[in-house]
Amino acid sequence: RVSYRATIALGPLRVYTGYCDSLAKAQQYLKVLTSIRARLDVADGHEVLATLPDLQVSDQPSLQDDNGDFAERVRSALAEESVARGVDLAEDLRLRCFALVSARRWVGAGLRTPTFKVGEHSGLEAGLRAWQRLIGALEAGSHDALSGPQSEQKEGPWQQVRQAYCDIWEERGRW
């Protein structure tokens with residue numbers, strides 16, 4: 001049995017739909033996700049948001065950037081598209097999300113947060129908070145690595161990032 005789902009990158013967030021049996025329906029879901037990204041891109045002042053499989057910290061949206069709060073723009077884009085279509089997108093499309101952040105400096109790869117159901121009570125909020133916590137630890141770690149002694153450059157900052165990552169997974173009940 002073949003199933004389909006649509007996935008899209010919203011900056012560091014990956015948002016995907018639940019599975020469906022119809023390719024045509026999955027293509028409709030992708031159009032909806034593309035519309036959400038377009039709303040976010042307009043608010044962000046970009047034609048297309050970069051996908052972030054493993055970018056450096058400076059390339060990722062910060063908690064507060066020149067265009068306002070990234071998390072708030074994501075919330076707004078989802079809400080506006082739901083209103084425009086007259087449906088609860090999170091429930092009807094069974095949206096889920098996770099975030100990817102770079103930790104290449106320490107582990108040679110990106111870190112992935114747990115997956116959160118967007119329609120679940122505070123699911124989107126939990127996903128955004130997980131991303132914010134990791135970005136905060138990465139930004140603090142990058143700052144510490146630049147200003148700390150050579151011997152502390154890998155151990156101290158990585159411990160902050162590692163602790164935030166472990167806490168996020170433990171709170172989700174999967175560590």
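Note: the structure precedes this text.
If you're wondering where the values come from, they're calculated on a predicted model, not measured in any experiment. (Residues numbered from 1 in each chain as written. Predicted model: local features only at pLDDT ≥ 70, side-chain atom pairs only at ≥ 80, totals over all residues. Heavy atoms only, no water.)

*Asks:* Would you mind going over the overall build of the protein chain with me for this structure?
*Replies:* Check the secondary structure of the protein chain and you find six helices and seven strands. Traced from its N-terminal end to its C-terminal end, the protein chain shows the element sequence β-β-α-β-β-α-α-β-α-β-β-α-α. Here the protein chain holds 175 residues, and 44% of them are scored as buried. In the protein chain, of all internal contacts separated by at least 6 residues, the share reaching a separation of at least 24 is 61%. About 9,300 Å² of surface is accessible on the protein chain, with carbon and sulfur atoms providing 49% of the total. (Helix = DSSP H or I, 4+ residues; strand = E, 2+ residues; numbered from the N terminus. Buried < 20%, exposed > 50% of the residue type's maximum accessible area, 1.4 Å probe, protein only. Contact = heavy atoms within 4.5 Å. Areas by Shrake-Rupley, 256 points an atom, 1.4 Å probe, with all protein chains shown as cover.)

*Asks:* Please explain the pairing of strand β1 (residues 7-10) as it appears in this structure.
*Replies:* Direction of pairing for β1 relative to strand β2 (residues 13-16): antiparallel, over a ladder of four bridges. When the bridges of β2 are listed, leucine 10 appears paired with leucine 13. Remark: two residues form the turn of the hairpin made by β1 and β2, two consecutive strands paired antiparallel; glycine 11 in that turn has positive phi of roughly 65°. (Pairing = 2+ DSSP bridges.)

*Asks:* Could you clarify how one ought to interpret the pattern of salt bridges in this entry?
*Replies:* Note that side chains of opposite charge can pair when their charged atoms are close. With the rule as written, the count across this model stands at seven salt bridges. Ionic pairing is found between arginine 39 and glutamate 80, a salt bridge with its closest N-O pair at 3.5 Å. In this pair, arginine 39 sits in helix α1 (residues 23-44) while glutamate 80 sits in helix α2 (residues 70-85), placing the two residues 41 residues apart along the sequence. On the basis of relative accessibility, which here comes to 30%, the residue arginine 39 falls in the partly exposed class. What makes glutamate 80 partly exposed here is its relative accessible area of 42%. Among the salt bridges present, the one from arginine 85 reaches glutamate 81, with a minimum N-O distance of 2.6 Å. In this pair, arginine 85 and glutamate 81 both sit in helix α2, four residues apart, roughly one turn of the helix. Taking the relative accessible area as the measure of exposure, arginine 85 reaches 39% and is therefore partly exposed. (Salt bridge = Lys/Arg side-chain N within 4 Å of Asp/Glu carboxyl O.)

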